[in-house]
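Residues per chain are reported as follows:
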2 protein chains.
Amino acid sequence: MNKWYDSSETGDNIVISSRIRLARNVKKYPFSCRLSEEQAYNLIDDVKNSIKNSRTVFGDSFDFINLNEKSEIEKHSLLENHSVSPELINKNKPSAVLIKDDETVSIMINEEDHIRIQTVFPGYNIKKAWELADKIDNLVEESIEYAFDEDYGYLTSCITNVGTGIRASFMIHIPLIEMFGQVENLGQAISKFGMTLRGIYGEGSEPLGSIYQISNQVTLGKSECEIIDALKNVTNQIIEQENELRQNLMKNHRIDLEDKIFRSYGVLSNCRKINSKEAMQLLSDLRLGIITGILETNGDVNIYKIMMDIQPGNLIKNMSKNVSADERDIQRAKYIRKCLENNI
Amino acid sequence: MNKWYDSSETGDNIVISSRIRLARNVKKYPFSCRLSEEQAYNLIDDVKNSIKNSRTVFGDSFDFINLNEKSEIEKHSLLENHSVSPELINKNKPSAVLIKDDETVSIMINEEDHIRIQTVFPGYNIKKAWELADKIDNLVEESIEYAFDEDYGYLTSCITNVGTGIRASFMIHIPLIEMFGQVENLGQAISKFGMTLRGIYGEGSEPLGSIYQISNQVTLGKSECEIIDALKNVTNQIIEQENELRQNLMKNHRIDLEDKIFRSYGVLSNCRKINSKEAMQLLSDLRLGIITGILETNGDVNIYKIMMDIQPGNLIKNMSKNVSADERDIQRAKYIRKCLENNI
C-alpha cells in the first residue's frame, strides 16, 4: 500500500501536508493521568474494537500496534513519520496506536487524552483531512461514549483543548522566509490570530529543513469550520509572503539562488557522510530548486519522502540493524546519493 | 607552444614545481634605486640584446615585453603565472621582462636588481632548473659584465642576496600538513636550516590552496650546489611528513577524507559563482583526491593549471574584457565546471 507521502510533488507546493487532530476522552474512564493499568488496557481494547469490529471498510485497513511491545527504533520511526506523538511513545503506561494502511489516519490511545484521532493529506487539503477525521470520530463514537459537556463541548485532559478538541495544521516549507530571517516575526504576527508556528517535529523541536507546522491554538468558542477557515486565511498570507520573496529573488538575485541550490545539490550528490540536520537543510534547498525550476528532475524525486526516510529511526529501521551515529551518517549519504542519481 | 604547466600531473606529486632565481647587476650602472631613466632604458636594451642577438637557440624563443606598455590586467596575469614578481610590476620606473615561449625562463629587467633570471620546471626538477639558469646566466654574461667581487661574489641591491645571488625553491602542495595545523611549526623548524616558507605568491601573500614555496634564505658562504642540496634535504623531510599524514588518514579516517574530497568536487562541479580563495581551497582538495586515487580522472585534468587560470588577472585576460568581481566569480565557476566536466 502506498503511503500518502509517496506521491511525487508538483507545482509550487509551499504546503506539504494538511493535518487534523481531534482530542477525545471516554466518559466511563478517568483522564489518562489517573487511569489505572487495568483501565488503560480496557480503554485500548474499547478503541481497538470500535475500529476493528466496525462493519465498515475501515475495519480491515487499520493496523493495531501495541507500543509497549515495540523497540525504541520502531517507536522512533513512527514518530518521524508523524504517526505518533513524542508524548505517546515516551510514556511508561500501556499505550497503542491504530494506523491506516496509507498512513492518512492514526488513532493514538492513551496519550495526553484517551484518544487522539489524526488525519493527514498531502498538499493543501485541510478540508479532506477534516472530513476524514470527522468520519473516524463518528465511527469511534458509535461504540464509545465521549466525555462531552453541553456548555464546554469535548472535555480534555489539558484545558487548552477543551471545546472542539481540534487542532488543524499545515506543514509548510518556507525556505525564503527563513533565509530572510523572518520566521520569528511571522510567529509573533500569527499568534495575534490565535495561531502558532512550530518546527517540523512539533512543540519544542528545532526547525529542520525550513519546514514548519502552523496550527490553531484556540479550540473553544469557535466551530471546527471557523477554526479551519482562520488557519487557511493566515496560511494564505504566509504563502503569499513566501511567493513574493521567491519571485523577488528569482528576478533580482537569480544567480545567487542558483549557486546556493546547485552547491547543495553538489554536496548531497557527492558527500560520503552527512548528519540529519545538514541533510534537511540541503534537501530544503533542493526542494526550492525543483519548485523554482532551477533544478530539472525526471519527476520521480520526492524530497519530502527523502526527508522522512533519512531520519535516524527510519534509517536504522530500513537497515534492519542498530548502528552508530557515524555509520548512520554514512548510510544517510549513500541513501541520498541513490535517491538523486539519474533523477536530478 | 605548450607551457611547462600544461603537462598533466601524475603520481603523488607533493612538489608542483622547482624554481631557481639568480640576482645579477651590471657593473657599469648604479643599482636600480639610483638608476636614471636613461640608464634604465640602456640597461633594458643591453639585456634584451644579450639574449635576442645571441647566436643561440634562445634568441628566437624569448618574447620581449616592455612592461610600461602593458595594462594592469596583463601585468597581473604575468604575476599570476609567476613570470614576473610583484616588485617588478609595481614599479614606476622603466622595466621589462624576457619570457621564453614555454615560460620555463623569465628574465626580469630593473627589478630590485638589474637582472633577475628565473627558471622553472614542473615537479621535483631543481637540478634541471639550475642547469638552465646557469646556461642563461652564462649567455647574458657573454655580452654584459656583472658586478662581482672576488671576496663577496655577486653584488646585489639587497645584502641578503649577496654571494651566489641564488634563490632555489620548490612549490609544494601540503594539504595535510595544513589540515593538521602544522604549517607554522614547520616554518619555524625549517628556518633553523636557513630555509623559509611562503604562500603561493611569495613574500607577504596569504596561503592559497595549501600551496607553499620553500626556499633558501642564505646566499653567501655556500656554493649553489650546497644551497640546492640543503633545500632538497629539508624538502624531502616535508614530503615524508605529508606522506605520513596522508597514509595515516587513508588508513584510519578514509571515509572522512573521501567525504571532504567528494564534497569539494560536488561544489566545484555545481557552483554558479565562486571567489578565488574558496576555489583554490576546493581545488586543493581535488588535487589531494586525485593523488590518493579517491577521485578517478581520465588523466586530462591538470589542477595546478586550473588554479593558475582562475586567478583574477588570467580570468579577465581570457575573457578579453574587464568585468566586476561578481561577474568574475560567475565566470570562474563556469570555467571550473567546464574543466571538470567529463574529466572526473
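Bear in mind the structure is a predicted one, so any value in this text is a computation, not a measurement.

About the cut-offs
- Residues numbered from 1 in each chain as written.
- Chains lettered and ligands numbered in written order.
- Predicted model: local features only at pLDDT ≥ 70, side-chain atom pairs only at ≥ 80, totals over all residues.
- Heavy atoms only, no water.
- Helix = DSSP H or I, 4+ residues; strand = E, 2+ residues; numbered from the N terminus.
- Rg over C-alpha atoms; globule rule 2.2 N^0.38 Å.
- Buried < 20%, exposed > 50% of the residue type's maximum accessible area, 1.4 Å probe, protein only.
- Areas by Shrake-Rupley, 256 points an atom, 1.4 Å probe, with all protein chains shown as cover.
- Lys, Arg positive; Asp, Glu negative; His and termini not counted.
- Charge placed at Lys NZ, Arg CZ, Asp CG, Glu CD.
- Pairing = 2+ DSSP bridges.
- Axes fitted to C-alpha atoms, helices over the stretch in contact; angles between N-to-C directions.
- Contact = heavy atoms within 4.5 Å.
- Buried area = accessible area lost by both parts, 1.4 Å probe.
- Salt bridge = Lys/Arg side-chain N within 4 Å of Asp/Glu carboxyl O.
- Polar contact = N/O pair within 3.5 Å; in protein donor to acceptor, adjacent residues only side chain to side chain.
- Nonpolar A, V, L, I, M, F, W, Y, C, P; charged D, E, K, R; others polar.
- Domains from an automatic or database assignment.
- Patch = residues over 30% accessible without salt bridge, like charges linked within 9 Å, V, L, I, M, F, W, Y side chains within 5 Å.
- Least-squares fit on C-alpha atoms with pLDDT ≥ 70 in both.
- Phe/Tyr/Trp six-rings, centres within 6.5 Å; stacked < 30°, edge-to-face > 60°.
- Lys NZ or Arg CZ within 6 Å of the ring centre and 35° of its normal.
- Expected span 1.5 Å × (residues − 1).

**Re the overall build of chain A**
- Each helix and strand counted, chain A has 13 helices and 10 strands in total.
- Over its C-alpha trace chain A gives a radius of gyration of 21 Å, about what one expects of a compact globule, namely 20 Å for 344 residues.
- Taken over the C-alpha atoms alone, chain A extends approximately 65 × 45 × 35 Å along its principal axes.
- Sorting the 344 residues of chain A into buried and exposed places 57% on the buried side.
- Only carbon and sulfur atoms are counted for the fraction: they give 45% of the accessible area of chain A, which is about 15,500 Å².
- Here chain A holds 41 positive side-chain charges and 51 negative ones, and the gap between their average locations is 3 Å.

**Brief notes about the sheet that holds strand β3 (residues 96-100) of chain A**
Residue and element names in this part refer to chain A.
- Spatially, eight strands are ordered β2-β3-β4-β5-β1-β8-β10-β9 in an open sheet, and the strand pairing comes out antiparallel. In the strand order of this sheet, the two ends are held by β2 (62-66) and β9 (195-199), each with one partner. Across this sheet, the average inter-strand angle for adjacent strands is 20 degrees, counted without regard to direction.
- On the sheet, helix α7 (residues 183-191) packs against β9 and β10 (211-216) and is oriented at approximately 150 degrees with respect to β9.

**A closer look at the interface of chain B and chain A**
- Listed by partner, the interface residues are 16 residues for chain B and 16 residues for chain A.
- Across the chain B/chain A interface, buried area totals approximately 1,500 Å², and carbon plus sulfur atoms make up 57% of it.
- For the interface between chain B and chain A, the tally reads four salt bridges.
- Of the charged contacts in the structure, one is a salt bridge between Glu278 of chain B and Arg263 of chain A, with a shortest N-O distance of 2.8 Å.
- Connecting chain B to chain A are 10 residue pairs in polar contact (both at pLDDT 80 or more).
- Per element, the largest residue contribution to the side of chain B that touches chain A is nine residues, and it comes from helix α9 (residues 254-268) of chain B.
- When the residues that make up the side of chain B that touches chain A are grouped by side-chain class, the tally is seven nonpolar, two polar and seven charged.

**Regarding the domain arrangement of chain A**
Residue and element names in this part refer to chain A.
- Split into domains, chain A comes out as domain 1 (4-243) and domain 2 (254-340).
- The C-alpha-based centres of domain 1 and domain 2 are spaced at 27 Å.
- Each partner contributes to the interface: domain 1 provides 29 residues, whereas domain 2 provides 24 residues.
- Buried surface at the junction of domain 1 and domain 2, both sides included, amounts to about 2,300 Å², of which 59% is carbon and sulfur.
- Between domain 1 and domain 2 we count zero salt bridges in total.
- Inspection of the domain 1/domain 2 interface yields nine residue pairs in polar contact (both at pLDDT 80 or more).
- Taken together, the elements giving at least two residues each to the side of domain 1 that touches domain 2 come down to α3 (72-80), β8 (166-173) and α6 (175-179).
- A per-class count over the side of domain 1 that touches domain 2 returns 12 nonpolar, 11 polar and six charged.

**Digging into a nonpolar patch on the surface**
- The grouping of Tyr152, Val218 and Leu220 of chain A at the surface amounts to a nonpolar patch, some 300 Å² of accessible area in total.
- On the basis of relative accessibility, which here comes to 42%, the residue Val218 of chain A falls in the partly exposed class.

**Quick notes on the relation of the copies chain B and chain A**
- Expressed as a screw operation, the relation of chain B to chain A combines 0.1 Å of axial shift with a rotation of 180 degrees, fitting to an RMSD of 0.0 Å. The transformation relating the two chain copies, once decomposed into turn and shift, fits a two-fold axis. Considering only C-alpha atoms, the residue of chain B closest to the rotation axis is Gly266 of chain B, which sits at 1.9 Å.
- In this assembly, 100% of the residues forming the interface of chain B have copies in chain A that are likewise at the interface, indicating an isologous arrangement.

**Remarks on the packing of aromatic side chains**
- In this structure the tally under the stated criterion is eight aromatic pairs over all chains.
- Each ring, one from Phe148 of chain A and one from Tyr154 of chain A, has its centre 4.9 Å from the other, and the planes form 70 degrees; the classification is edge-to-face.
- Exposure remark for Phe148 of chain A: the relative accessible area of 45% places this residue in the partly exposed category.
- On the basis of an interplanar angle of 65 degrees and a centroid distance of 6.3 Å, the ring pair of Phe58 of chain B and Phe62 of chain B is categorised as edge-to-face. Taken as a pair, Phe58 of chain B and Phe62 of chain B share a single burial class, namely buried.
- Linked through ring pairs, Tyr146, Phe148 and Tyr154 of chain A together constitute an aromatic cluster.
- Over the ring of Phe262 of chain A we find Arg272 of chain B, and its NZ or CZ is 3.5 Å from the ring centre.

**What about the environment of Phe121 of chain A?**
- Following the sequence through the fold, Phe121 of chain A ends up in strand β5 (residues 115-122).
- With 168 residues separating them along the chain, Phe121 of chain A and Gly289 of chain A place their C-alpha atoms 23 Å apart.

**Focus on the pattern of salt bridges**
Residue and element names in this part refer to chain A.
- Applying the stated criterion across every chain, the model contains 37 salt bridges over all chains.
- Residue Arg116 pairs with Asp113 through a salt bridge whose shortest N-O separation is 3.0 Å.
- The class of Arg116 is buried, set by a relative accessible area of 8%.

**A closer look at helix α9 (residues 254-268) of chain A**
- Between its first and last C-alpha, α9 of chain A extends 21 Å over 15 residues, near the 21 Å set by a 1.5 Å rise per residue.
- Most of α9 of chain A is tucked away, with 11 of its 15 residues classed as buried.
- Every buried residue of α9 of chain A is accounted for by Leu257, Glu258, Asp259, Ile261, Phe262, Arg263, Ser264, Tyr265, Gly266, Val267 and Leu268 of chain A.
- In the core, the buried residues of α9 of chain A are packed alongside α6, α8 (224-252), α10 (276-292) and α13 (325-340) of chain A together with α9 and α10 (276-292) of chain B.

**Some points on the pairing of β8 of chain A**
All names here are of chain A.
- In terms of burial, β8 is largely enclosed, as seven of its eight residues are buried.
- Where strand β1 (residues 15-24) meets β8, seven bridges bridge the pair, whose relative direction is antiparallel. Bridged to Ser17 within β8 is Met171.
- Strand direction decides the pairing type here: β8 and β10, joined by five bridges, are antiparallel. Counterpart to His173 in the pairing with β10 is Ile211.

**Observations regarding the side chain of Thr119 of chain A**
Residue and element names in this part refer to chain A.
- Following the sequence through the fold, Thr119 ends up in strand β5.
- Within the structure, the side chain of Thr119 is placed 2.8 Å from the backbone oxygen of Ala129, a separation counted as a polar contact.
- Setting aside anything within four residues of it in sequence, one finds Thr119 in contact with Ser18, Arg19, Ile20, Thr104, Val105, Ala129, Leu132 and Ala133.

**Observations regarding the sheet that holds strand β2 (residues 62-66) of chain B**
All names here are of chain B.
- The sheet built from eight strands is open, its strands ordered β2-β3-β4-β5-β1-β8-β10-β9 with antiparallel pairing. Across the chains shown, the open sheet's two edge strands, defined by having one partner strand only, are β2 and β9 (195-199). On average, each strand axis in the sheet is tilted by 20 degrees relative to the strand beside it, whichever way the strands run.
- By the bridge criterion, five bridges tie strand β4 (residues 105-109) to strand β5 (residues 115-122) in an arrangement that is antiparallel.

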